[in-house]
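Breakdown of the fold
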Amino acid sequence: MRLFLRIFLTLLLAPPLISIVLGWLVAPAFLHPIRRALTPDLIQQADVSFGQLGARREAFDVRAPDGVLLRGWKVRAAHPNGSWVVLFHGVADNRMGPLEHSRFLLRAGYGVTMMDTRAHGESEGPIATYGWLERNDTRAILDELVATEHPAHIFALGESMGAGIALESAAVDTRIEAVVAEAPFASIREASYDYAGLQKYPLLGKTLFAPGAWVMLARGQALAGFPAVNVSPERAVASRPFPVFLICDAEDTTLPCRHAERIYAAATGPKSLWIVPQAYHTAALGYQPNEFKRRVLHFFADPAATP
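Now for a description of the structure that goes with this document. Worth saying up front: this structure is predicted, and the values here are computed from it rather than measured.

**Thoughts on the packing of helix H2 (residues 40–53) against helix H3 (residues 99–107)**
The contact between H2 and H3 brings their axes to 10 Å, and the two run at 20°. Between H2 and H3, the crossing angle belongs to the class labelled roughly parallel. Crossing of H2 over H3 shows right-handed handedness. Along the contact surface, H2 presents Gln 45, Ala 46, Ser 49, Phe 50, Gln 52 and Leu 53, while H3 presents Leu 99, Ser 102, Arg 103, Leu 106 and Arg 107. Its residues assigned to classes, the contact of H2 with H3 shows 5 nonpolar, 4 polar and 2 charged.

Pasting the structure below:
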């Protein structure tokens, strides 16, 4: 009986204890994502792509409120319609992440800004904060965009981390009139459960491995000095009723559909949710290119309507 009890307690307690150790070790990596370099080959790829459309890019460097230099591009359409879309890439990526999105937007006449998020690409910044400081960065970007381009309308489109940043930015800046968000995270806390569950077993991340998620957040907050638990696109869409078009990739295990569904349920403005069959994380454009473009362009043309 004692042997059985020891085995039972070991099996019960070992996973949480292991997850706590891993959460402690992983916390710094969560704040310091891998930088994807903006290589000459990538720049050439962008120039070829823009050249095919008759679009023109120029350097667009903006100083954030805390002094961090944000680097990126402004790209003007060959036949501009007067509106601009601010594009936001995912974690451990750079401004090239949404290149294909920029192509169909430019073709439709939208100007686009393609920025390296802080602590990514060529932008400065010691840590990524997943929206806490990035929403202030967006405000600085919009200040410069408005001063130089005088856009008729400003929209935002983001993927994964970028989708969350776009939603959080729109909550505090009314100049962003509408947001397209593919594979957003509902909150850092909710996303931590997916990572604790090895991005395949979120139920384990919320139960046996939950202590690891809690430790990762707690240590991350202590190291970074910002309240990670308050970073929540789910709360953001509840605080301001701006139009949102949420895209969920049905086979996404990194940020499963429950994140977009939670955001959709919390949104107080015009909202729609598109679940893309067979698509994995941020791959909706690849799986349904024509429908993706049609829905996004329809949304930006009339944000209050259903794409």
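We are not done yet, so read on.
**Considering helix H4 (residues 134–149)**
Since there are 3.6 residues in each turn of an α-helix, residues three or four apart along the chain are aligned in direction. Taking 1.5 Å of rise per residue, the 16 residues of H4 would be expected to cover 22 Å, and the 22 Å separating its terminal C-alpha atoms lies within 8% of that figure. Of all the residues in H4, the buried ones are Glu 134, Asp 137, Thr 138, Ala 140, Ile 141, Leu 142, Leu 145 and Glu 149. His 150 lies just past H4 and shows a positive phi near 50°.

**Re the packing of aromatic side chains**
Throughout the structure, instances matching the rule amount to 10 aromatic pairs. Ring geometry for Phe 299 and Phe 300: centres 5.8 Å apart, planes at 45°, overall tilted. Look at Phe 299 and you get buried, because its relative accessible area is 0%. Every member of this aromatic cluster is reached through a ring pair, and the members are Phe 104, Tyr 110, Phe 155, Phe 245, Trp 274, Phe 292, Phe 299 and Phe 300. Its end group placed over the ring of Trp 73, Arg 95 keeps NZ or CZ at 4.8 Å from the ring centre. One cation-aromatic arrangement involves Arg 135 over Trp 132; the distance from NZ or CZ to the ring centre is 4.5 Å.

**Regarding the environment of Gln 288**
Looking at where Gln 288 falls in the secondary structure, it is placed in the loop between helix H11 (284–287) and helix H12 (289–301). Using a relative accessible area of 30% as the deciding quantity, one classes Gln 288 as partly exposed. For the pair Gln 288 and Gln 278, spaced 10 residues apart in sequence, the C-alpha to C-alpha distance is 9.8 Å. Dropping the residues within four chain positions of it, Gln 288 is found in contact with Trp 274 and Val 276.

**A look at the pattern of salt bridges**
Applying the stated criterion to the full structure yields 21 salt bridges. A salt bridge links Asp 61 to Arg 71; its shortest N-O distance comes to 2.9 Å. Here Asp 61 is found in the loop between strand S1 (56–59) and strand S2 (62–63), whereas its partner Arg 71 is found in the loop between strand S3 (69–70) and strand S4 (72–76), with 10 residues between them in sequence. On the basis of relative accessibility, which here comes to 30%, the residue Arg 71 falls in the partly exposed class. With a shortest N-O distance of 3.3 Å, Arg 95 and Glu 122 are connected by a salt bridge.

**Describing H12**
Compared with the 18 Å implied by 1.5 Å per residue over 13 residues, the 18 Å span of H12 between its first and last C-alpha is a close match. Along H12, the residues classified as buried are Phe 292, Arg 295, Val 296, Phe 299 and Phe 300. Seen from one end, H12 has its buried residues packed into an arc of 125°, which puts them on one side. Every exposed residue of H12 that faces more than 90 degrees away from the buried side is listed here: Asn 290 and Ala 301.

**Concerning the nonpolar core**
Tyr 130, Leu 167, Val 179, Phe 185, Ile 188, Val 237 and Phe 242 are the most contacted members of the largest nonpolar core, which has 49 residues in total. No other element matches helix H5 (residues 161–172), which puts 7 residues into this core. Every residue in contact with Phe 242, bar those within four places of it in the chain, is listed here: Leu 167, Ala 170, Ala 171, Glu 177, Val 179, Ala 236, Val 237, Gly 269 and Pro 270. Ala 46, Ala 284, Phe 299 and Phe 300 belong to the second largest nonpolar core, which has 34 residues in total.

The rules we used
Residues numbered from 1 in each chain as written. Predicted model: local features only at pLDDT ≥ 70, side-chain atom pairs only at ≥ 80, totals over all residues. Heavy atoms only, no water. Axes fitted to C-alpha atoms, helices over the stretch in contact; angles between N-to-C directions. Helix = DSSP H or I, 4+ residues; strand = E, 2+ residues; numbered from the N terminus. Parallel < 35°, antiparallel > 145°, perpendicular 65-115°, else oblique. Left-handed = near helix turned anticlockwise from the far one by under 90°. Contact = heavy atoms within 4.5 Å. Nonpolar A, V, L, I, M, F, W, Y, C, P; charged D, E, K, R; others polar. Expected span 1.5 Å × (residues − 1). Buried < 20%, exposed > 50% of the residue type's maximum accessible area, 1.4 Å probe, protein only. Phe/Tyr/Trp six-rings, centres within 6.5 Å; stacked < 30°, edge-to-face > 60°. Lys NZ or Arg CZ within 6 Å of the ring centre and 35° of its normal. Salt bridge = Lys/Arg side-chain N within 4 Å of Asp/Glu carboxyl O. Arc of directions from axis to C-beta. Core = buried A, V, L, I, M, F, W, Y, C linked by side-chain atoms within 4.5 Å.

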